[in-house]
Amino acid sequence: GTALRYGDPRGALELRTALARMLAARRALPAGIETLIVTRGSQMGLSLAAEALVRPGDRVAVEELGYGAAWDAFRRAGAELVAVPVDGAGLSVEALERALEAGPLRAVYLTPHHHYPTTAVLAAGRRLRLLELARRHRFAIVEDDYDHEFHYEGPPVLPLASADRSGSVIYVGTFSKVLTPGLRLGFVHASPPVIRALVSLRLVLDRQGDHASEIATAALIESGELQRAVRRARRVYRARRDALVHALRSELGEVLRFRPPAGGSSLWAWADGVDVDRWQERALAQAVAFAPARVFALGGRARPGLRLAFTSLSEADLSEAVRRMARALPPRRG
């Protein structure tokens, strides 16, 4: 059948068609088949975007704390990374303006829906200012919407790309979180000229994706099965988030400061007066793993924060994990 012939390097037409409809309906993106390329996972989408945008020496602004695998993609393309701080309302656009005063930026890479790793949502006013800066200073915005489906409080926040009138945003998404991580399926939505550039780079690397799984995924979208799977997962993950929040408040309420995340697959907490790296080592000895802030810092500097992923553990396992974390707590300073 057709699934075994050479496919289109942009991805199976069936999947791009279904995806365009879904993005228009659910994320208010002005999507058509010419604005989409399907990739093997979102990391490939990020790598293609970095290759298409960056010439050696270009400055690319990134969130700090942030996502190291994306930073690596930009570094490999020759970018000089500029760290921009993040607070409770997402990326500091004021700090970004100061970075622009120091010289032009080629791109800004960010995770506005649920900041990775702190889960902060980029505030509406900042979103508009960021889009205006991109238009005025002619830099690209690479928007990594890695877990769009998992928002638990209030209406889901629409992507930056939905408000982009100047073609500044390159929007990267994934199906891996919804279907199965083993199915490496991501996509990029951007202006047709950007998509053409990504396609020509993709041809060098990987003639096409897995056509058969793309057609199968298109069927899941069209039948509504994908949305049903998302709703089921959202219910389960929300209950797991609540179980984690409850356990942390009862076992570690004196030690950790956190806001229950409005969405996403992890919780971020600040630990006052605790050596988080030491705590991580002691927790591993109790068979509990969490990520200290240092792994999300551009210079690898220690900070008193930690990321707890909750979607893959049952509610009972989450409670037990927090009990073990409490047992592993090192003596507090000051």
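Preceding this section is the structure that the text describes.
Treat the numbers as computed from the prediction; the structure is a model and nothing was measured. (Residues numbered from 1 in each chain as written. Predicted model: local features only at pLDDT ≥ 70, side-chain atom pairs only at ≥ 80, totals over all residues. Heavy atoms only, no water.)

(A) Highlighting the packing of helix H4 (residues 93–101) against helix H5 (residues 124–137). It is the contact of H4 with H5, at a shortest axis distance of 10 Å, that shows an interaxial angle of 15°. Taken together, H4 and H5 sit at an angle that is classed as roughly parallel. The hand of the H4/H5 crossing is left-handed. Along its contact with H4, which presents Val 93, Glu 94, Leu 96, Glu 97 and Leu 100, the element H5 presents Arg 126, Arg 129, Leu 130, Leu 133 and His 137. (Axes fitted to C-alpha atoms, helices over the stretch in contact; angles between N-to-C directions. Helix = DSSP H or I, 4+ residues; strand = E, 2+ residues; numbered from the N terminus. Parallel < 35°, antiparallel > 145°, perpendicular 65-115°, else oblique. Left-handed = near helix turned anticlockwise from the far one by under 90°. Contact = heavy atoms within 4.5 Å.)

(B) Fine view of the nonpolar core. If you look at the biggest cluster of nonpolar residues, it comprises 42 residues, and the most contacted ones within it are Leu 96, Leu 130, Phe 139, Ile 141 and Phe 175. Ranked by residues supplied to this core, first place goes to helix H1 (residues 13–27) with six residues. Ranked by size, the runner-up nonpolar core spans 30 residues in total, among them Val 276, Trp 279, Val 288 and Ala 321. (Core = buried A, V, L, I, M, F, W, Y, C linked by side-chain atoms within 4.5 Å. Buried < 20%, exposed > 50% of the residue type's maximum accessible area, 1.4 Å probe, protein only.)

(C) Spotlight on the pattern of salt bridges. For the structure on display, the rule yields 20 salt bridges. The closest approach of N and O atoms between Arg 21 and Glu 222, which form a salt bridge, is 2.5 Å. One end of the pair, Arg 21, is in helix H1; the other, Glu 222, is in helix H7 (residues 211–222), with 201 residues separating them in the sequence. Overall, Arg 21 belongs to the partly exposed group, its relative accessible area being 49%. Owing to a relative accessible area of 43%, Glu 222 belongs among the partly exposed residues under this scheme. Taking the shortest distance from any N to any O, the salt bridge between Asp 272 and Arg 257 comes out at 2.8 Å. Of this pair, Asp 272 sits in the loop between strand E10 (266–271) and helix H9 (276–285) while Arg 257 is found in strand E9 (residues 256–257), placing the two residues 15 residues apart along the sequence. (Salt bridge = Lys/Arg side-chain N within 4 Å of Asp/Glu carboxyl O.)

(D) View of the environment of Leu 267. For Leu 267, the location among the structural elements is in strand E10. Residues Leu 267 and Thr 39 lie 228 residues apart in sequence; the distance between their C-alpha atoms is 28 Å. If near-sequence neighbours (up to four positions away) are discounted, Leu 267 is found in contact with Leu 244, Val 245, Leu 248, Phe 258, Pro 261, Leu 306, Arg 307, Leu 308 and Phe 310.

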